[in-house]
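If you want the building blocks of each chain, they are given just below.
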Amino acid sequence: MKIASWNVNSLKVRIPHLTQWLADARPDVVALQETKLEDTKFPVDELAAAGYQAVYAGQKTYNGVAILARNDTGLAFEDVVTDIPGLDDPQRRILAATIGGVRVVDLYVVNGKAVGDEKYAYKLHWLERVKDFLAEEIQRHPKLVVLGDFNIAPDDRDVYDPVSWGEEVLCSPPERAALKAIKELGLHDSFRLFEQGDGHYSWWDYRQGAFRRNMGLRIDLILLGDTLKSSARGAAIDREPRRWERPSDHTPVTVDLDID
DNA sequence: ATGGTGGATAGTCCA
């Protein structure tokens, strides 16, 4: 089973990119973030034509998450969750579904704007509530994958210039501690099971030719529970769609699991 | 240079 995560930064704009990439990469499951679409406007037909079914939790203009599953796997979505228990939040940032016995939790983590901003405080609070939710999910579902745009670079290897980034938002110690606490539930960064080096990024700012100069961050993650960690056969960042015309500022990340 | 690029939307907000 090949699982992917991609922040598309507007699914309306990126439908051609997504369908091209689905045809090229043939993932079984794809978690999307920043769809920026109300559910009534979700491109169900275009994705069905591409061979994928979807569940989605969207809103106008901002946020929005979706999970796609390839139709020819014959798998259905079960136990769909669109809200964090105990967090009354109109922002559509979480979507969980079970597909073929694998529990998939798609996250679009709060950006936080800047350390000290009220959005930063909301980010840390949101991550606390997510951790509590995941603590329950990991008990309920041994085959757990938690993936998405975490808006946190796990450590300095994941940052193109850690000195200038310093302790700014996306790199600050409290954010990294919140991610570490989530990992300590028993979730493993799939990319780091296979690659220890620096210079591997999943997001590059649109400005100042950041992609061309590889000035990026690795903030899109696929975390695997212990059971799925044992099944992992590879993990990758596919930089190709970032080179295309009118790209998302994020590129897809993938993991290959030796199951089914 | 307090900028810069891009999306949604229609004067800004968000990333």
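All figures in this text were calculated on a predicted structure; none of them were measured in a lab.

Draft legend 1. Structural context of the sheet that holds strand S7 (residues 102–108). Spatial strand order, S5-S6-S7-S8-S12-S9: six strands in an open sheet with mixed pairing. Strand pairing shows two members of the sheet lacking a second neighbour, strand S5 (77–81) and strand S9 (187–189), which therefore form its edges. Averaged over all neighbouring strand pairs, the angle between strand axes comes to 20 degrees, with direction disregarded. Relative to strand S12 (residues 220–225), S9 runs antiparallel, the two being bridged by three bridges.

Draft legend 2. Summary view of the packing of aromatic side chains. Scanning all chains against the criterion turns up three aromatic pairs. An angle of 65 degrees between the planes, with centres 5.7 Å apart, marks the rings of Trp6 and Trp21 as edge-to-face. Of this pair, Trp6 sits in strand S1 (residues 2–7) while Trp21 is found in helix H1 (residues 11–25), placing the two residues 15 residues apart along the sequence. Both residues of the pair, Trp6 and Trp21, count as buried.

Draft legend 3. Fine view of the pairing of strand S4 (residues 65–70). Summarising burial for S4: six of the six residues are buried, a large majority. Here S4 shows a buried face lined by Val65, Ile67 and Ala69 and a second buried face lined by Ala66, Leu68 and Arg70. Relative to S4, strand S3 (residues 52–57) runs antiparallel, the two being bridged by six bridges. Looking across to S4, one finds that Tyr52 is bridged to Arg70.

Draft legend 4. Seen up close, the protein's contact with DNA strand B. In the vicinity of DNA strand B lie 15 residues, with Ser10, Arg14, Lys119, Arg207 and Arg246 positioned nearest. A breakdown of the atoms of DNA strand B within 4 Å of the protein gives sugar and phosphate a share of 78%. Within the side chain of Arg246, a nitrogen or oxygen atom sits 3.2 Å from a phosphate oxygen of DNA strand B. Of the residues in the surface near DNA strand B, the class split is four nonpolar, four polar and seven charged.

Draft legend 5. Main features of the sheet that holds S1. Pairing is mixed in the open sheet, where six strands are placed in the order S3-S4-S2-S1-S14-S13. A strand with exactly one partner marks an edge of an open sheet, and here the two such strands are S3 and strand S13 (232–237). This sheet shows a mean twist of 15 degrees between the axes of neighbouring strands, independent of strand direction. Bridge count for S1 against strand S2 (residues 29–33) is five bridges, and the pairing is parallel. Bridge pairing in S2 links Ser5 to Ala31. Contacts between H1 and the sheet are confined to S1, S2, S3, S4 and strand S14 (253–257), with S1 contributing the most and set at about 155 degrees to the helix.

Cut-offs and rules
Residues numbered from 1 in each chain as written. Chains lettered and ligands numbered in written order. Predicted model: local features only at pLDDT ≥ 70, side-chain atom pairs only at ≥ 80, totals over all residues. Heavy atoms only, no water. Pairing = 2+ DSSP bridges. Helix = DSSP H or I, 4+ residues; strand = E, 2+ residues; numbered from the N terminus. Axes fitted to C-alpha atoms, helices over the stretch in contact; angles between N-to-C directions. Phe/Tyr/Trp six-rings, centres within 6.5 Å; stacked < 30°, edge-to-face > 60°. Buried < 20%, exposed > 50% of the residue type's maximum accessible area, 1.4 Å probe, protein only. Near = heavy atom within 4 Å. Polar contact = N/O pair within 3.5 Å; in protein donor to acceptor, adjacent residues only side chain to side chain. Nonpolar A, V, L, I, M, F, W, Y, C, P; charged D, E, K, R; others polar. Contact = heavy atoms within 4.5 Å.

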